[in-house]
Amino acid sequence: MSDPVISAVPVRDCGEPLVDLRSFGVFRVDARLADAVGHYALLRSSVAERLLAAQELLEPGLTFLVVEGYRPPELQERYFQESVDELRAHHPDWPQSALRREAGRYISPPEVAPHVSGAAVDLTLCTLSGGELPMGTEVNATPLGPDGPCYTASREISGEARRNRRTMGGALAAAGLVNYPTEWWHWSYGDRYWAFLTGAGRALYGPARPD
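Just so it is clear, the structure is predicted and the values come from calculations on it, not from any experiment.

Draft legend 1. Highlighting the sheet that holds strand β6 (residues 178-179). Reading across from one edge, β2-β4-β5-β7-β6 is the order of the five strands in this open sheet, with mixed pairing throughout. Edge positions in the sheet fall to β2 (28-29) and β6, since each of these pairs with one other strand and no more. Here β2 runs beside strand β4 (residues 62-68); their pairing, made up of two bridges, is parallel. What sits directly across from Val29, in β4, is Val66. Strand contacts of helix α2 (residues 45-57): β4 and β5 (120-127), with the helix running at about 150° to β4, the strand carrying the most contacts. Contacting β4, β5 and β7 (186-188), helix α5 (residues 159-174) crosses the sheet at an angle of about 130° to β5.

This is how it looks when you write it as structure tokens:
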């Protein structure tokens, strides 16, 4: 996400509002990362509409379990700085530029982060009763190695988990979202990474603030 090619993608914010997924009445929204004012349940309106379209493509008996959508810039900055600090503890001789570059492989700097723009959603699959399907790792596990289990196409997971990832990914991709390949749970629409992958030329969303 912090690659200069991605950060160089221009942004022309279309001005879409953030909407609360809980107001749709059809999404399961998990509380594990809930904040007091409900930021975690917000997405840009077109992202939410595409998520709804993707959910309708799932086979009967399955639904998405949304873990996190919008993330305020100050929270993204905290997560990113914690990653930099952890790397510094393990590599005290690394310059700041190297620490930020390495941290950016796993968590976006606030200025380019899809969650900060309301364009990204972290999610998994579950049954209608709320039981999560095996996906190989927990949502937000730490990516390790070039083909570790967090990577969407990893072979270090069970056949059942691969099938579940294909089921989820097929529906989300058909609705126009794109996946960040080091994190099977991270999907987005309208951000810089989406624009780069799709050749859109510009991102639709910049950093957002709820009304």
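Draft legend 2. Local environment of the side chain of Gln55. By the element assignment, Gln55 lies in helix α2. Here the side chain of Gln55 touches Val26 through a polar contact of 2.9 Å, landing on its backbone oxygen. Dropping the residues within four chain positions of it, Gln55 is found in contact with Val26, Phe27, Thr63 and Phe64.

Draft legend 3. Seen up close, the packing of helix α3 (residues 73-90) against helix α4 (residues 96-103). At a minimum axis distance of 9 Å, the contact between α3 and α4 shows a crossing angle of 120°. By the angle class used here, α3 and α4 are oblique. Pair α3 / α4 crosses with right-handed handedness. Residues Phe80, Ser83, Val84, Leu87 and Arg88 of α3 pack against Gln96, Leu99, Arg100, Glu102 and Ala103 of α4. When its residues are assigned to classes, the contact of α3 with α4 shows five nonpolar, two polar and three charged.

Draft legend 4. How the structure looks around the environment of Leu42. Position of Leu42 relative to the elements: it lies in strand β3 (residues 42-44). Relative accessible area serves as the criterion here: at 10%, Leu42 is assigned to the buried category. For the pair Leu42 and Ala120, spaced 78 residues apart in the sequence, the C-alpha separation amounts to 9.8 Å.

Conventions we followed
Residues numbered from 1 in each chain as written. Predicted model: local features only at pLDDT ≥ 70, side-chain atom pairs only at ≥ 80, totals over all residues. Heavy atoms only, no water. Pairing = 2+ DSSP bridges. Helix = DSSP H or I, 4+ residues; strand = E, 2+ residues; numbered from the N terminus. Contact = heavy atoms within 4.5 Å. Axes fitted to C-alpha atoms, helices over the stretch in contact; angles between N-to-C directions. Polar contact = N/O pair within 3.5 Å; in protein donor to acceptor, adjacent residues only side chain to side chain. Parallel < 35°, antiparallel > 145°, perpendicular 65-115°, else oblique. Left-handed = near helix turned anticlockwise from the far one by under 90°. Nonpolar A, V, L, I, M, F, W, Y, C, P; charged D, E, K, R; others polar. Buried < 20%, exposed > 50% of the residue type's maximum accessible area, 1.4 Å probe, protein only.

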